[in-house]
Amino acid sequence: MDAKTGTSRRSFLKGSVAIAGASVAGAASASEADPLITDVQDWASITGAGVDETPYGMPISFEKDVVRRNVEWLTASPISSINFTPIHALDGTITPQGCAFERHHSGAIELRKEDYRLMINGLVDNPLVFHYADLERFPRENHVYFCECAANTGMEWAGAQLNGAQFTHGMIHNMEYTGVPLRTLLNEAGLAAAGELKDKWVYVEGADASSNGRSIPMEKALDDVLVAFKANGEALRMEHGYPVRLVVPGWEGNMWVKWLRRIEVTDMAVESREETSKYTDVYEDGTARKWTWVMDAKSVITSPSPQMPIAHGKGPLVISGLAWSGHGKITRVDVSRDGGISWETARLGKQGDTKALTRFYLDIDWDGNPMLLQSRAMDETGYVQPTKEQLRAMRGENAVYHNNCIQTWFVDENGVAENVEVS
Ligand SMILES: Nc1nc2c(c(=O)[nH]1)N[C@H]1C(S)=C(S)[C@@H](COP(=O)(O)O)O[C@H]1N2
Ligand SMILES: [Mo]
């Protein structure tokens, strides 16, 4: 008994259950007998799975729909293709490796650590070859970074096309990498032979048939690039470049070379296929936008969204999404419920990390009226995510890559969401 108010703790709890029952539609009233509470259930009548039943755990079967998916008509063959992270069904910021999108130009390869070699050659004092075990003997660092394919959202330039955040925005993953700074390995080989470093490049390539070669300016190579061999604490998965991949924070996914086999210091860019005929955007007048390395600030509401309709009716609703910027930290995310006329500032799940996904939430009391949901990210440089109109005005409608415009979901009175465009 509380001496001051005369209420007992027990009656307070009963009262709060009744209130919850009244305000959250669908929650059962505490007075009805619920067999899930009153009856002994099967799972309490027998013993469960013993340890070691699954030496490496998989998600419980009830979550079997939370998987990568591809869109078959997008590419001719799964060998040179892409699938999408189920971002609509995840929360927090870390992407489990098992559902992190894959993008291969010639399929994922099985490369044993014993057969792994990494060569550094070109304008270096001593060309070197590292075995896998050698890399583990250099001082290593841990950093969380997002990796976004430059083609993410690329199908949406002309109009609203794919119905689901997984498909419109799922060419992204966010992991904690363990690796050796590229700077350390370049210094081990020695850069005196390169002379003035300001206008030098490194050309990086993979061991797969495509090789996926890219030129990276030396300034970036010496800054925050990692030669990584662990993600989220464990070895990289085959599909993400086991045993070693390059991590190029904030820059387009194509530069994150998997199965990294060679780093050449050069005095000019190689102008490889992946940085000329691909990963460039042609304007209407025929000229191309090139060296578009940084992924500009972007965000998307992951729930509600087409694959995550509102199932509970009106009342308390958690609107949630992801924001990121290749220029640094996300400082603010705004959410609109009326297609961009008015905005409310969302709550960040935690302070944004540099070049990593930031989770945001807007906790509302939904009145059951239709909504045009949008989110707008801002980063520490002051950059504000553009509308689709603003982006088209800058780039035209011919582009494929680097579509970072504001996304709109129309949510009807039943909570069903659809990909739409507002003008
Ligand atoms: N060796 C090699 N590296 C590669 C690729 C490839 O096909 N081969 N694809 C690139 C592209 S286009 C992207 S978007 C990222 C995707 O990384 P992920 O498969 O781990 O998601 O890897 C990049 N690195
Ligand atoms: Mo990519």
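The following refers to the structure shown. Every chain's residues receive numbers from 1 upward, in the order its sequence appears when written. Written order decides the labels, with chains lettered from A and ligands numbered from 1. With the structure being a predicted model, the display of local features is reserved for residues of pLDDT at least 70 and the display and counting of side-chain atom pairs for 80 or more, all residues being used for whole-chain, interface and lining totals. Calculation of side-chain values draws on the structure's entire complement of heavy atoms; hydrogens and water are dropped beforehand.

### Here we look at the overall build of the chain
- Summing up its helical and strand segments, the chain has 8 helices and 23 strands in all.
- Seen along its three principal axes, the alpha-carbon backbone of the chain occupies a region of about 85 × 60 × 50 Å.
- Only protein chains enter the accessibility calculation, which uses a 1.4 Å probe. A residue is then buried if its area is under 20% of the maximum for its type, exposed if over 50%, and partly exposed in between. Counting the 423 residues in the chain, one finds 48% classified as buried.
- A separation of at least 24 residues holds for 72% of the contacts in the chain among residues at least 6 apart in sequence.
- Approximately 20,700 Å² of the chain is accessible, and the part contributed by carbon and sulfur atoms is 53%.
- Charge separation in the chain, taken as the distance between the mean sites of 41 positive and 57 negative side-chain charges, equals 3 Å. Secondary structure elements are taken from DSSP: a helix is a run of H or I of four residues or more, a strand is a run of E of two residues or more, and numbering for both begins at the N terminus. By definition, residues are in contact when any of their heavy atoms lie within 4.5 Å. Surface accessibility follows the Shrake-Rupley procedure with a 1.4 Å probe radius. Residue values consider only the protein chains on display as shielding. Here the positive residues are Lys and Arg and the negative ones are Asp and Glu; neither His nor the chain ends is included. Lysine's charge is taken at NZ, arginine's at CZ, aspartate's at CG and glutamate's at CD.

### Notes on the site of ligand 1
- The local shell around ligand 1 holds 21 residues, among which Phe-101, His-105, Asp-208, Arg-245 and Lys-258 are the closest.
- Throughout this description, a polar contact denotes any pair of N or O atoms lying within 3.5 Å of each other; where both atoms belong to protein, one of them has to be capable of donating a hydrogen while the other can accept it, and for residues adjacent in sequence the pair is counted only when both atoms sit in side chains. Here Arg-103 contributes a backbone N or O atom positioned 3.0 Å from an oxygen atom of ligand 1.
- Within the side chain of Arg-245, an N or O atom sits 2.7 Å from an oxygen atom of ligand 1.
- For ligand 1, whose accessible area on its own is 530 Å², the fraction buried by protein is 100%.
- Polar here means any residue outside two lists: the nonpolar Ala, Val, Leu, Ile, Met, Phe, Trp, Tyr, Cys and Pro, and the charged Asp, Glu, Lys and Arg; Gly therefore counts as polar. Grouping the constituent residues of the shell around ligand 1 by class yields 6 nonpolar, 9 polar and 6 charged. Any residue with a non-hydrogen atom lying within 4 Å of a molecule or strand is treated as near it.

### Comments concerning the state of the cysteines
- For this text, the term disulfide refers to a pair of cysteine sulfurs within 2.5 Å. Counted according to the given criterion, the structure contains 0 disulfides.
- Here Cys-99 stays unpaired: no disulfide links it, and the sulfur of Cys-147, its closest cysteine neighbor, is 14 Å away.
- With no disulfide of its own, Cys-147 lies 8.0 Å from the sulfur of Cys-149, the closest cysteine sulfur.
- Overall, the relative accessible area of 3% leaves Cys-147 in the buried class.

### Some words on the side chain of Ser-215
- You can see Ser-215 is positioned in strand E8 (residues 214–217).
- For Ser-215, a relative accessible area of 1% puts it in the buried group.
- A polar contact of 2.9 Å, which involves the side chain of Ser-215, links it to the backbone nitrogen of Val-270.
- A distance of 2.6 Å separates the side chain of Ser-215 from the side chain of Glu-275, its partner in a polar contact.

### Brief notes about the sheet that holds strand E21 (residues 371–379)
- The rule for pairing is simple: two strands pair if DSSP sees at least two bridges between them. Strand order across the open sheet formed by 5 strands is E18-E17-E21-E22-E23, with antiparallel pairing between neighbours. Two strands close off the open sheet at either side, each with one partner strand: strand E18 (344–345) and strand E23 (417–420).
- The sheet contact formed by strand E22 (residues 408–411) and E23 spans 4 bridges and is antiparallel. Within the sheet, the bridge partner assigned to Val-411 lies in E23 and is Ala-417.

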